[in-house]
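# Observations on chain architecture
Single-letter residue listing:
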Amino acid sequence: MVIFVLLSALTKASHAAANPPSRAENRLKFRNYLIFMIIFWASFTKSRKLRIFVKAATANLGDGGAMLDDSRPLSIVDVQPLPALLAEPRANRILNTNEAARALFDLRARDTRLSDVLISGAAEMAVYLDAVSHFGRYIGRALQFHGSEGATLRLQTYGVQLTDDQVLLSFLDLDDLDRRTHETEQEAHHKGGLMQWQNIYGFFREVEAQNHLILEAAGEGIYGINAQGQATFVNRAAQEMLGWSADDLIGRELHPIIHHKHLNGEHFPAHRCPIYASFRRDETTRVDDDVFWRKDGKPIMVEYVSTPIYDHNVLAGAVVIFRDVTERRENERKLREALDEVKELKEKLEQENEYLLTEIRSARSQTGIVGVSPAIKSLNIQIDLAAQSNAHVLVSGPPGSGKSMTVSAIHEASSRHHRPLVRINCSETNAEVLEAELFGYRRGAFAGASRDRTGKLMMANNGTLHLDEISDLSKDIQARLHDVLQSGRFQRMGSSAESTVSLHVVATTSRDLSAEVRAGRFRQDLYFMLNMFSIRCEPLSERPADIPYLAKHFLDRTTRRLRLPKTRMTRANIDVLNQYGWPGNVRELENVIERAAILAQGGRLEFDFHLSGSSPEAGSDVVLTNEELRALERKNLENALARAKGKVSGSHGAAAMLGIASTTMYSKIKSFEIDPAEFK
């Protein structure tokens, strides 16, 4: 049915071509094309009768069928998409060729023989033509042909039997096919790569957009710099912290703008900047304490991390992430100051407590002034006046006469009793130790000063300072003490800061301080400053009326403190005590009573004055044994050490009091196994 339709269309086209309208040529070409398609399709059919039918039908088309004649061969090959030629193999003639075939085989002459382009032999050609004749059409690659410049062509030959004598040969250039296939594959690959690159580019654009949102949302300041130190991007947090906009900074070198000087105003050169080390020495740098400068000129304390960045394995710059820690640093500073102050107050309190505990443990008769003699009554009046006047006081009297007790009574009766009474022994052998104890020191002020220490002056601030044996102060310390009492200010050792104090000084001495001033051993100005109010403690031998009261007081206190059985003080005991001269004053009386109470154990009290340090009266006929003499010598040594406050050598030492050499004194101390430290 398809054949009849095609033939009918072909007939109409033939009749239309017989008339010569303006488009006759086009119609003729269309007719020839249909004829070729019919013949070409029929040649591939297996029905020989159908092929004969098609041949007869095309022959009856009139003059239009002349396209198959020798006079009209061009129309067949011209419509071929491939290089094609119409040949008569038996006559070895090429009847017609299309333009593609002429270019392929480099055909210039109109009449060309088939053998001129054929390389294969006649036998191979005969085999191929038999296959075409038998099958009506045949495709093969066995035949070889000449190309331009004598090249051998790789061709796939399509043969179609048109008539018994004519064969239509079409050629597919396999090299050209390979080239086109390769180009097609390359083009497809290129298109695929382009699409993939577009996808990747879109992905990175999306990642970049997301990263930009993350950078803008970050709370830390973030900026990037290139290898020249110029800003490449600045996020919003960095702009807010620095006060600069991104337009102000991008493209400009940042170090001279935000990092050009230290907090103290000192210039900060760029080659020393840790950030520059990131992209110049390939180092990741972390800095916890630095400063950036805002646009308004104000500094901000920052901590930052600078990390190098790379572009195709080339160090291209750095990314800096920083945060403003100004408020945190200020809070840390205030906290450190508060902690230092707390530490200083804690140390001061601990030292005060330690001192107070020491004073309490060493206290003997500081519970009050005991006695009824006129001397004690006068002393009580003077204590009240000294406490009310708040003037510096000088208390004098022989050792053991109650000077320390008098100082305590003055302090307790004054308005400063809520603050500590601080005592310092001025007879220290080492002036440097005494200076450190009196004024205090900072850590590192001298070798061994491992921590800050508060001096006794500061500990006695708003309280009372007891300077015991003031006459033993060195001239240098006397001068510094005078300045403190006059100005109310002093400096700790190793410190340039001045401290202000309010002091009530009560000085005690066993010597005639006015005589020391005349001898030039004591500063006159300090003597006048301390002697605003003078109190004299009389020796116990000059106030015998107080002995019974003192003895009863010491006995009761000893039995309570040592938890001894209660012991009674008889009239006979009082008479014995009144008959003794008490060269050691109240301290000696206390020692005698304490020893007697321990030995009595609730029984009768018996006093041993020889062991207490007494000596037989002049002119007595008492005979002492060698053991008693050694006991008397031991007690004499102990009394001398007690009066010298444990000091052995020197002008105020025990050896000088006894009139013996210090080496002899040390030998005696060693012989009697006495520890001078117990008397300090």
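Viewed as axis vectors pointing N to C, helix 21 (residues 547-562) and helix 22 (residues 571-579) meet at an angle of 115 degrees, and their least axial separation amounts to 10 Å. Seen from above, helix 21 lies across helix 22 with right-handed handedness. Residues Ile547, Pro548 and Ala551 of helix 21 form the contact with helix 22, whose own contacting residues are Ile574, Leu577 and Asn578. Here the contact of helix 21 with helix 22 is composed, by residue class, of five nonpolar, one polar and no charged.

As a further point, take the nonpolar core. Inside soluble globular proteins, nonpolar side chains tend to come together where they are buried. The biggest cluster of nonpolar side chains holds 31 residues, and the ones touching the most others in it are Leu465, Leu467, Ile470 and Leu503. Of all elements in the fold, only strand 15 (421-425), helix 16 (431-439), helix 17 (456-459), strand 18 (464-468), helix 18 (475-487), strand 21 (504-509), helix 19 (513-518) and helix 20 (524-530) reach the threshold of two or more residues within this core. When near neighbours in sequence (up to four residues on either side) are disregarded, leucine 465 contacts Val422, Ile424, Leu438, Lys456, Leu457, Ala460, Leu503, His504, Val505 and Val506. In terms of nonpolar packing, the next biggest core, distinct from the first, is built from 26 residues, Phe268, Ala318, Val320 and Phe322 among them.

For the structure on display, the rule yields 38 salt bridges. Of the charged contacts in the structure, one is a salt bridge between arginine 154 and aspartate 178, with a shortest N-O distance of 3.4 Å. In this pair, arginine 154 is assigned in the loop between strand 6 (152-153) and strand 7 (155-161) and aspartate 178 in helix 8 (residues 174-217), connecting sequence segments 24 residues apart. By relative accessible area, which is 38% here, arginine 154 ends up partly exposed. Overall, aspartate 178 belongs to the partly exposed group, its relative accessible area being 43%. Between glutamate 330 and arginine 333 there is a salt bridge, and its shortest N-O distance comes to 2.4 Å. Remark: arginine 333 and glutamate 330 occur in helix 13 (residues 326-362); sequence separation between them is three residues, near one turn of the helix. By relative accessible area, which is 32% here, arginine 333 ends up partly exposed.

Let us now look at the sheet that holds strand 8 (residues 167-173). If you trace the six strands from one edge of the open sheet to the other, you get 3-2-1-8-7-4, paired in antiparallel fashion. What marks the edges here is a single partner per strand, and that holds for strand 3 (112-113) and strand 4 (137-140). Seen against the sheet, helix 7 (residues 122-135) touches strand 4, strand 7 and strand 8 and runs at an angle of roughly 140 degrees to strand 4.

Calculation rules
Residues numbered from 1 in each chain as written. Predicted model: local features only at pLDDT ≥ 70, side-chain atom pairs only at ≥ 80, totals over all residues. Heavy atoms only, no water. Axes fitted to C-alpha atoms, helices over the stretch in contact; angles between N-to-C directions. Helix = DSSP H or I, 4+ residues; strand = E, 2+ residues; numbered from the N terminus. Left-handed = near helix turned anticlockwise from the far one by under 90°. Contact = heavy atoms within 4.5 Å. Nonpolar A, V, L, I, M, F, W, Y, C, P; charged D, E, K, R; others polar. Core = buried A, V, L, I, M, F, W, Y, C linked by side-chain atoms within 4.5 Å. Buried < 20%, exposed > 50% of the residue type's maximum accessible area, 1.4 Å probe, protein only. Salt bridge = Lys/Arg side-chain N within 4 Å of Asp/Glu carboxyl O. Pairing = 2+ DSSP bridges.

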